[in-house]
Amino acid sequence: MHEAADDKLQSKENLRSVLIVASAFIAAMIVMLANSIPTSFGSIFPLVVACVAVLPLLRRYNDWESPFFKTYSAAFTYSIATLGTVAIYVFLYHAHPTIGGVDWFYYLCYARDQINGVPTSENIYSYFPGVYMFWRQAMFWFGFDVDALRCIVILVLLINAVLVELIIWRQTRSVALSWIGGLVHGVLLIRFQGLSGVTEPVALIPLLVALVVWNGDAFVRWKKSVTVGICLGLVVLCKQQAGLLTLGALVWLPAWKQHDKRQVIAIPIIALLTLVLLTLTEGAGLTPLFKGLDTAASYANEGSMFRNILIQAVHDPIATLALLSTCGITFWLSRQELDEDSTSQVRIIGFLMIGAIASLVQFSFRNYHHYFQLALPAASIGLILSLHILYRLKSPLRNLVFPFAIAILGYQSTTHIDTDVLQWPNKTYIQHYKDWHDQAPIAVALKDHEKLQQVIQTKEPVISLPARYSSFFYLTGLRSASTHGYSFREFDMKNGKWFDEIANRNITPEFVILWHFESPESSSKDWNAQNGPAAQKMDALSNRYVRFSSQKAYTIWRRR
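Before going into details, it helps to say that this report is about the structure given with it.

1. Thoughts on the side chain of R347
Now for step 1: Within the element layout of this structure, R347 appears in helix 15 (residues 340–359).
Now for step 2: One buried charged residue, R347, remains without a salt bridge, the closest side chain of opposite sign being D217 at 5.9 Å.
Now for step 3: A distance of 3.0 Å separates a polar side-chain atom of R347 from the backbone oxygen of G216.
Now for step 4: Non-local contacts of R347, meaning those with residues more than four positions away in its chain, are made with W214, G216, D217, A218, V251, A255 and Q258.

2. Digging into the sheet that holds strand 2 (residues 511–515)
Now for step 1: On the basis of which strands lie adjacent, the open sheet formed by 4 strands has the order 1-2-4-3 and mixed pairing. Since the sheet does not close on itself, it has two edges, and those belong to strand 1 (463–465) and strand 3 (545–550), each with one partner. Direction aside, neighbouring strands of the sheet carry axes that sit 20° apart on average.

3. Focus on empty space enclosed by the protein
Now for step 1: Throughout the structure, instances matching the rule amount to 2 cavities of 30 Å³ or more.
Now for step 2: Estimates place the volume of the largest cavity at around 50 Å³.
Now for step 3: If you trace the largest cavity, you find it lined by W135, V153, V156, L157, G194, G197, V198, P201 and V202.
Now for step 4: Mapped onto the lining of the largest cavity, the elements with two or more residues apiece are helix 7 (146–172) and helix 9 (200–214).
Now for step 5: Considering each element in turn, the lining of the largest cavity owes the most residues, 3 residues, to helix 7.

4. Describing the packing of aromatic side chains
Now for step 1: Under the criterion given, the structure shown has 24 aromatic pairs.
Now for step 2: Residues Y107 and Y132 carry aromatic rings whose centres are separated by 6.5 Å and whose planes lie at 75° to one another, so their mutual orientation is edge-to-face. Taken together, the residues span a long stretch of sequence, with Y107 in helix 5 (residues 102–115) and Y132 in helix 6 (residues 130–142) at a distance of 25 residues.
Now for step 3: Ring centres of W214 and F351 lie 5.8 Å apart, and the angle between their planes is 50°; this geometry places the pair in the tilted category. Of this pair, W214 sits in helix 9 while F351 sits in helix 15, and the two are 137 residues apart along the sequence.
Now for step 4: Among the aromatic residues, ring-to-ring pairing joins Y106, Y107, Y110, Y127, Y132, F472, F473 and Y486 into one connected group.
Now for step 5: Over the aromatic face of W169 sits the side chain of R173, whose NZ or CZ is 4.2 Å from the ring centroid.

What counts as what
- Residues numbered from 1 in each chain as written.
- Predicted model: local features only at pLDDT ≥ 70, side-chain atom pairs only at ≥ 80, totals over all residues.
- Heavy atoms only, no water.
- Helix = DSSP H or I, 4+ residues; strand = E, 2+ residues; numbered from the N terminus.
- Buried < 20%, exposed > 50% of the residue type's maximum accessible area, 1.4 Å probe, protein only.
- Lys, Arg positive; Asp, Glu negative; His and termini not counted.
- Salt bridge = Lys/Arg side-chain N within 4 Å of Asp/Glu carboxyl O.
- Polar contact = N/O pair within 3.5 Å; in protein donor to acceptor, adjacent residues only side chain to side chain.
- Contact = heavy atoms within 4.5 Å.
- Pairing = 2+ DSSP bridges.
- Axes fitted to C-alpha atoms, helices over the stretch in contact; angles between N-to-C directions.
- 1 Å grid on protein atoms, 1.4 Å probe; cavity = no way out; pocket = protein on both sides within 12 Å on 5 of 7 lines; lining within 4 Å.
- Points joined across faces, edges and corners; volume = space filled by probe spheres on them.
- Phe/Tyr/Trp six-rings, centres within 6.5 Å; stacked < 30°, edge-to-face > 60°.
- Lys NZ or Arg CZ within 6 Å of the ring centre and 35° of its normal.

This is the structure:
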């Protein structure tokens, strides 16, 4: 009789824990979906919800094995996952008009020219050819429309998230953990310029596929080894710096006796053959590889490596904390006696951590946020698998799991560092993050002006200065007349070498378009400083060019 009463009481407590968590997060979901909340209230409300949801833990926090805690933790986890899924979907839906960037239009312009059979500059291979292969296929299946191709950017992010979920699920068999892992990975990608259409998320796809296939096991089957080798070759093909991630294969060496040695040796050979053979299909020999490596090696240093990494740490301390925590936990786990399941998880974590640390070499040159994307799988997958192992080992360290999760939730709810994923993309947000070509007066000039429409109709390539904005070429269907193609800085703006090339007849475009606008880009600042002299220099070429049109956004000169 007492047992029945206890069971009834326990059931009520379990139901109460579920209702507390569910009601709190349903309320948060309603508020977020309203899409019109004031910034201050909208930032603090999720933190209040988190505090309410955690109150039951004050009573039985240390009783990990109780039905109450198990029910509560399951309700909490699924509520977080559901809330995050809805939130990220709504965010991506509204942020769709802001997707894109200078790198993305650079890829699109070259991919379009390749499809149209137009000769391209050797500068195309500043990036390895995999990115152009990808966007050529995207254009083949979905057309050339910018809005459709923006959906491909979102699809790439979703594929990344799903693959992360699959990796975690295969190791933990926990739907909730894998669900949250995919959300964390997707959010971190967005925070580090994932919506700008950069190459890293594309390069991560074959890497994550390789991890799904490998699953931390010994290499004893050729089918698995060949697949992993091909995937690693594709990683490098998509982005030269992504090749640093393949160094994670060093984690296979400690388990050398467990592998079929022939297969382990064959994997890098298969990867190299994949890279070379697919590069040769471009029809330019091995030039794309040599040019891409030379470009990466010739980057100018912009600050020290320590300073550039510190910029990433300040940009998103949570990602940095996740990496450091994973690294520390992995080192501790490597000194423990682990069962077979935990060992395979540690191998996957080690693979990702070695690659992530190697990828930090990029910051010895520049501090671009999207470089950090290569380290994000170690942050998302590594941290969740590490915490899962700690939980299974019943280590005292597992008592830190829930406080750590709540700290992350609270920080993400209140921080104002880079608000890309913390504020709903309302009208103000969209206007701020729109691409250059979508902002007035550029948008008006591209769409409405009669004279510019006449320029668009020309079949000859043109010069557009400053050169960084390839979106102009893609949207108008025009091509660049520069010998450097769509390079961001094909002319030295400070020293006026752009004028010398035109004056010395190195290039003779039918049209030269000088844009008038202010931009935070350093290259544009150089250009804006010479905006007046640029027009005067073009006027000096009256024997070759005549002023065709002068508007608020631009001035056009036409060849006589």
